[in-house]
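Here are the chains, one letter per residue:
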Amino acid sequence: MRLRNVKGARDVISLSPLVVHEPEKAKGNWKILFNNDHPLRIEIGMGKGKFLHELASKNPDINYVGIEKYSSVLFRALQKMETDPLPNLRFIRMDAEDIDQVFDREEVDRIYLNFSDPWPKDRHAKRRLTSREFLKRYDRFLKKDGVVEFKTDNRELFDFALEELAFAGFKALQVTYDLHHDSEMVEGNIMTEYEERFSSMGNPICKYIVKR
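Not measured: the values here are computed from a predicted model.

## Brief notes about the nonpolar core
Working step 1: One finds Ile 42, Ile 44, Phe 103, Ile 111 and Tyr 138 to be the most contacted residues of the largest nonpolar core, which totals 37 residues.
Working step 2: Those elements that provide at least two residues to this core are helix H2 (30–34), strand S1 (40–44), strand S2 (63–68), strand S4 (108–114), helix H5 (132–139), strand S5 (142–152), helix H6 (155–164) and strand S7 (206–211).
Working step 3: Broken down by element, this core gets its largest block of residues, four residues, from H6.
Working step 4: Core analysis: the next-biggest nonpolar cluster, separate from the first, contains 19 residues, Val 19, Tyr 64, Met 81 and Tyr 112 among them.

Structure below.
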C-alpha cells in the first residue's frame, strides 16, 4: 500500500535540490542539469525508489530520473539519498499524464515501469502506464533504438499490455511470464519492494522489453 500522509513530506520535497521543481524547463536540457552527456533513463511510478537507487548506484555513467506522483512515497526516496547520495539520480513529483512535457524528442533511451497501478476498471484503461495512450506519449521522447521495460505480477494487466503494443507501433523483444525462473531475462535483475513481496508469496513475475 502506498504511503500518502507523511507529515511535512511536501515541504521537504519543495526544498530538496534533488527534486526538479520545474521539470518542463528541463525538457531538452537534461544534459545541462546533470552536467554531462551520459544516457538518460527514467522510471515512471518509482515508489520508494529502491529499484532506481540501486540501478543508479551500479551504473554511474548513466543518468536516472524517477517520477512519482505521491509526495509521501517520494519522501522515502529522498531519505534514501540522504544516507547514500548519488550524483546521477534526480526526482520529479508529477502525474505521468504530462510525461511528454518534460522530455524532448529522443532524449530518453530507456523507460522502466515496475508494478504499475492496474486501474482494473475498463473505463480507466487509458490511465494504465502500458496503454496505447501512454506508449504514444513515450514515442515522443524515446530514442529510436530505445526500449520500455515493464514488470508486474498482475497477469491480466500484463496480457493487456502485450495487446496494446501493436496499436502504438511497438513490438516485443523479450517476454517472460515467470521472470525469476527465466535464466536469460533474470540476469542482472534488480527487485523492487513490490517484487520482493509478491515473489516471496510465490507469485510469478511477468516482464517484457519492447521497442518501436
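The structure having been displayed, the exposition proceeds.
## As for the sheet that holds S7
Working step 1: Strand order in the open sheet made by the seven strands is S3-S2-S1-S4-S5-S7-S6, with mixed pairing throughout. What marks the edges here is a single partner per strand, and that holds for strand S3 (89–93) and strand S6 (171–176). Across this sheet, the average inter-strand angle for adjacent strands is 15 degrees, counted without regard to direction.
Working step 2: Of the strand pairs in this sheet, S5 and S7 are connected by five bridges, and their pairing is antiparallel. Directly across from Thr 152, in S7, lies its bridge partner Cys 206.

## A word on the environment of Gly 28
Working step 1: Along the chain, Gly 28 turns up in the loop between helix H1 (9–15) and H2.
Working step 2: By relative accessible area, Gly 28 is classed as partly exposed at 38%.
Working step 3: Separated by 75 residues in sequence, Gly 28 and Phe 103 place their C-alpha atoms 6.2 Å apart.
Working step 4: If near-sequence neighbours (up to four positions away) are discounted, Gly 28 is found in contact with Asp 104 and Glu 107.

## Structural notes on the pattern of salt bridges
Working step 1: Enumeration over the complete set of coordinates arrives at 13 salt bridges.
Working step 2: Asp 109 is the partner of Arg 41 in a salt bridge, and the nearest nitrogen-oxygen pair spans 3.1 Å. With Arg 41 in strand S1 and Asp 109 in strand S4, the pair connects residues that are 68 residues apart, well separated along the chain.
Working step 3: Owing to a relative accessible area of 15%, Arg 41 belongs among the buried residues under this scheme.
Working step 4: Two residues, Glu 54 and Lys 50, come together in a salt bridge whose shortest N-O distance is 3.7 Å. In this pair, Glu 54 and Lys 50 are both assigned in helix H3 (residues 50–58), four residues apart and thus about one turn of the helix distant.
Working step 5: Salt bridges sharing partners connect three or more residues here, namely Lys 50, Glu 54, Lys 58 and Glu 196.

Basis of the calculations
- Residues numbered from 1 in each chain as written.
- Predicted model: local features only at pLDDT ≥ 70, side-chain atom pairs only at ≥ 80, totals over all residues.
- Heavy atoms only, no water.
- Core = buried A, V, L, I, M, F, W, Y, C linked by side-chain atoms within 4.5 Å.
- Buried < 20%, exposed > 50% of the residue type's maximum accessible area, 1.4 Å probe, protein only.
- Helix = DSSP H or I, 4+ residues; strand = E, 2+ residues; numbered from the N terminus.
- Pairing = 2+ DSSP bridges.
- Axes fitted to C-alpha atoms, helices over the stretch in contact; angles between N-to-C directions.
- Contact = heavy atoms within 4.5 Å.
- Salt bridge = Lys/Arg side-chain N within 4 Å of Asp/Glu carboxyl O.

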